[in-house]
Amino acid sequence: MSNSIFKRFRKQEEPVIEEESSVLEDRDYWISLLQKIAYPVLNNLARGSLRKKMPYESISAENQKFAYLEAFARVFNGISSWLELGPDSSEEGQLRLKYLNMTLKAISNAVNTNNNDYIFVIEPKQSLVDVALFAQGLLRSKNQVWLNLPMGVQAKIIHELKNTRVIAPYENHWLLYTAMIEAALLEFTGECDKERLSYGVHKFRDEFYLGDAIYSDGESFELNYYNSITIHPMLNDILFVMRKYGLSDGEFLDVQLMRSSRLSSQLERLISPEGTYPVVGASLAYRCGVFHLLSQAALLKILPRNINPAQVRSALTKVLMKQFKGNQNFNSEGWLIVGLNGSQLDISEKDINTGSLYLCCSIFLALGLKSNEVFWNAPASEWTSLKAWNGHKIPKDQPIDF
């Protein structure tokens, strides 16, 4: 791990927007970028100053009360697998310890009704989204985060999770938010509302599957990235819990993982030689968060056999560098701004705000793989589109029918 990264961030209390540093190893670069994006959110929430310091940018004012939970839940969701590696004597391990302690303090403040940064605003309907993302992060970091929280904080979290039961989800990917919350309750308490847990799984398994790894987001189909952003990652994590507890619906996990493997190959092919990707569908302000499933597939080691994990690392690194090489996606204080690549408020929907943008952190899931894993330590490798446009041999794209 390059010493320059850690020295840079130790010299200041908060990261500042700075010029591009020298060439770094891929993992070093991912971690430096994780810090640049996540630190303002985690540090301010840990200090009880998130509401005071975080700006609000949106085409609508109606979601500001949810924006702070959005920011934290999405940062935590994306870095949770990295935190789960736990501290060790390495410089990266010590950095994880710093971020783990910051996260534990942030969570304690977030659920404390007497704190300025109590951010669990439970009312229909937007809060359901980010309570579910928070719950998913807890599942991904059970050993390092959940088990290190004081019992009183755990009890408050359980209370907040159960409070979402008053929210009726829309008949689309929102069904998976209710299921994710119930999966977390099952994991952490041994009890759940089994109807809310299974209903969404049944809908996607039995009614919404279109074929070749693509689910419709409800009864109507729209071309967007929601299969990667939400549907596949949540189905995978929900079904892992269902199988663990012997629920019959857990049998669907094997098929679902094969579908996720197929979608990961499609996502890898979407990354151009330049690190760009098609600008289609809603929620483009999530930026590289559209590759949530590809990073999860690397973490779960379910990439197709004809895809070298190093080519996925190389492709995602190129995406990160394309979007974050400069400072065009940050304001002068280091907060993300609305847009795909720069200030582009017009591409956003009314429910997108500053907090929403931090779903970009889901690309960091693969940091949950140790540095000695092939994903990180194999030499850089050309990804599919780069091979294709360089005239090199590539495997043909093969659909699935299961």
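The coordinates are above.
All residue numbers refer to positions counted from 1 along the written sequence of the respective chain. Local features are withheld for residues below a pLDDT of 70 in this predicted model, meaning they are given only at 70 or higher, and side-chain atom pairs are given and counted only at 80 or more; totals for whole chains, interfaces and linings count all residues. Note that the side-chain values use all heavy atoms of the structure and ignore hydrogens as well as water.

Asker: Help me get a handle on the overall build of the protein chain, residues and values and all.
Answerer: For the protein chain, the helix and strand inventory stands at 15 helices and 2 strands. Restricting the calculation to C-alpha atoms gives the radius of gyration, and the globule rule supplies 2.2 Å times the number of residues raised to the power 0.38. A globule of 402 residues ought to have a C-alpha radius of gyration of about 21 Å, and the protein chain, at 20 Å, matches this closely. Remark: exposure states derive from per-residue accessible area (1.4 Å probe, protein chains only) relative to the maximum for the residue type, with buried under 20%, exposed over 50%, and partly exposed in between. Scored against the burial criterion, the 402 residues of the protein chain give a buried share of 60%. The contact rule is simple, with two residues in contact once any of their heavy atoms fall within 4.5 Å. The long-range share in the protein chain, meaning contacts at least 24 apart out of those at least 6 apart in sequence, stands at 75%. Residue-level accessible areas treat just the shown protein chains as cover; the underlying method is Shrake-Rupley with a 1.4 Å probe. Just so you have it, the protein chain exposes about 16,100 Å², and 50% of that area is on carbon and sulfur atoms. His residues and chain termini do not enter the charge count, which takes Lys and Arg as positive and Asp and Glu as negative. A single reference atom marks each charge: NZ on Lys, CZ on Arg, CG on Asp, CD on Glu. Measuring between centres, the 42 positive side-chain charges of the protein chain sit 5 Å from its 45 negative side-chain charges. Elements are defined by DSSP. Helices are runs of H or I of four residues or more, strands are runs of E of two residues or more, and each kind is numbered from the N terminus.

Asker: Can you lay out the nonpolar core for me, pointing to particular residues and giving the numbers?
Answerer: Nonpolar cores are built from buried Ala, Val, Leu, Ile, Met, Phe, Trp, Tyr and Cys residues. Side-chain atoms within 4.5 Å join them into one set. Formed by 130 residues in total, the largest nonpolar core has its most connected members in Trp-30, Ile-37, Phe-72, Ile-157 and Phe-364. Not counting residues up to four positions away in its chain, the partners in contact with Trp-30 are Arg-313, Leu-316, Thr-317, Leu-320, Ile-363, Phe-364, Ala-366, Leu-367, Phe-375 and Trp-376.

Asker: Just give me the short version of helix α8 (residues 174–189), but keep the residues and values in it.
Answerer: When the terminal C-alpha atoms of α8 are compared, their 23 Å separation across 16 residues agrees well with the 22 Å that a helix rising 1.5 Å per residue should span. The buried count for α8 comes to 15 of 16 residues, which makes it a mostly enclosed element. Gly-190 sits one or two residues past α8 and shows a positive phi near 85°. Here the expected length of a helix is defined as 1.5 Å per residue gap, with one fewer gap than residues.

Asker: Would you mind going over the state of the cysteines in detail, with residue names and values included?
Answerer: In protein structure, a disulfide is the covalent linkage between the sulfur atoms of two cysteines. Put simply, a disulfide is two cysteine sulfurs that come within 2.5 Å. Throughout the structure, instances matching the rule amount to 0 disulfides. Not part of a disulfide, Cys-288 finds its nearest cysteine sulfur in Cys-360, a span of 4.9 Å.

Asker: Could you give me a rundown of helix α2 (residues 26–47), with the residues and numbers involved?
Answerer: In an α-helix, one full turn covers 3.6 residues, which means residues spaced three or four apart are oriented alike. Helix length check: α2, at 22 residues, gives a terminal C-alpha distance of 31 Å against a target of 32 Å (1.5 Å per residue), a fit within 8%. Bend is the name given here to the angle between axes fitted to two runs of seven residues, the run ending at a residue and the run starting at it. Of all the bends in α2, the greatest, near 50°, is centred on Ala-38, and the proline Pro-40 appears no more than four residues after it. Of all 22 residues in α2, 21 are buried, a share of seventy percent or more. Positive backbone phi, at 80°, marks Gly-48, one or two positions downstream of α2.

Asker: Tell me what's going on with the pattern of salt bridges, and back it up with residues and numbers.
Answerer: Definition used for salt bridges: Asp or Glu carboxyl oxygen within 4 Å of a side-chain nitrogen of Lys or Arg. Evaluation of the coordinates by the stated rule reveals 20 salt bridges. The salt bridge partner of Arg-96 is Glu-92, with a shortest N-O separation of 2.8 Å. Taken together, the residues span about one helical turn, with Arg-96 and Glu-92 both in helix α5 (residues 91–110) at a distance of 4 residues. In this structure, Arg-96 and Glu-92 share a single accessibility class: buried.

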